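Structural features, examined
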Amino acid sequence: MAKWTRLQLAAALMLGLAGPAAADQTTTDTDRARVPVMTALGMRELPALPQKIVVLDIAAADTLAALEVPIAGLPSRLYVDYLNKQQAEAAPMGTLFEPDFEAIAGLAPDLIVAGGRSSRQVEALSEIAPTIDMTIWGASHVDLALSRLRSYGALMGRPAAAAALEAAFLAKLEAARAAVDGRGRALIVMTNGPKVTTYGAQSRFGWLHGALNLPEAVIEQPEATALEDDTTAEATAHGEAISFEYIAQANPDWLIVIDRASAIGQDNQAAAATLDNALVTGTEAWKKGQIIYLDSAAIYIAGGGIQSMTATLEQIRAGFAVGG
């Protein structure tokens, strides 16, 4: 179902599909303390300790799982193995792009958490229950992710657990910073079968450069044949499709690789095979064995989740520790 209309909601209420959470939140929320939560759309005050939560954002599911918050409904496929327990215990709620509105209404949630791929559905989902957009994006990736963690901790009555997770993340961040310090320039690339895209400091994966003070391997004036449209990779938040010539010209000391096909379960050409060609093997990164293959599902699917980010930092630290 592409859209949950007011008419459909009314019909669902008549049939008993949408419970009291959708019909009249005030009757159940009056006596509950309210917690200010910063969302992607601004500050919201929400009733504390929601008992039945539908989560349509993998980063949010990652962080809520780390806080040991029960999740009543999740998308039918999450792609990240470390959320298998939550997936098995939750009711299927459609997909990230196409939520199952009838199933969600039937569950009668107290709260719906959307974000990222499901953010376009916030207005329609709000017809069923209070819905928050917790999208994490842009140069403030780490700050936003930690803000989300604190908000979930306060809202779910788990502030101490949230503080412990933040402390563990910051410790990993400091260890990773120390590992990369003075070790040269890095290029973040994502493969998708035979295609390659690079991601600069302002991109969705650019927090690795900013948070770690990790210099970028970029070409000051790339040739048109190296980078499409003759623009720099840093100029776009979504990455830039590049040729292998671009990688050769940038000549990074380190290659940080994300395999999109692997992340979404496609049996396409592996990243290692895509990059194994004369242009790439001539780079300093390849010659010195300084290539780090990240857990692609964690960073690509659950990016911004506290577990994803903490694990990614540990992979970076470990990779730099053994490189060269």
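This structure is a prediction, so every number in the text was calculated from the model and none was measured. (Residues numbered from 1 in each chain as written. Predicted model: local features only at pLDDT ≥ 70, side-chain atom pairs only at ≥ 80, totals over all residues. Heavy atoms only, no water.)

1. A closer look at unusual backbone geometry
Threshold: Secondary structure elements are defined from DSSP: runs of H or I of at least 4 residues count as helices, runs of E of at least 2 residues count as strands, and each element is numbered from the N terminus.
A positive phi angle, near 55°, is found at Asn-213, a position not held by glycine. Positionally, Asn-213 belongs in the loop between α10 (207-212) and β10 (240-242). The phi torsion at Asn-251 lies on the positive side, around 45°, for a residue other than glycine. Residue position: Asn-251 is located in the loop between α11 (244-250) and β11 (254-259).

2. Overview of the side chain of Gln-86
Stated precisely, the cut-off is as follows: Two residues form a contact once any of their heavy atoms are found within 4.5 Å.
Secondary-structure assignment places Gln-86 in helix α5 (residues 84-89). Ignoring any residue separated from it by four or fewer positions in sequence, one finds Gln-86 in contact with Ala-65 and Leu-74.

3. Points about the environment of Met-134
Here is the rule: Summary of the burial criterion: residues with accessible area below 20% of their type's maximum are buried, those above 50% are exposed, and those between are partly exposed, where the area comes from a 1.4 Å probe applied to protein chains only.
Mapping Met-134 onto the fold places it in the loop between β7 (131-133) and α8 (141-155). Given the relative accessible area of 1%, Met-134 is considered buried. For the pair Met-134 and Leu-41, spaced 93 residues apart in the sequence, the C-alpha separation amounts to 8.3 Å. For Met-134, the residues in contact, after removing those within four places along its chain, are Val-37, Met-38, Thr-39, Asp-57, Val-113, Ala-114, Gly-115, Arg-148 and Tyr-152.

4. So, helix α17 (residues 306-322)
The test is simple: By definition here, a helix of n residues has an expected span of 1.5 Å times n minus one.
In a regular helix each residue adds 1.5 Å, so 17 residues correspond to 24 Å; α17 covers 25 Å between its end C-alpha atoms and thus fits that length. Looking at α17, one finds that the buried residues are Ile-306, Ser-308, Met-309, Thr-310, Thr-312, Leu-313, Ile-316, Gly-319 and Phe-320.

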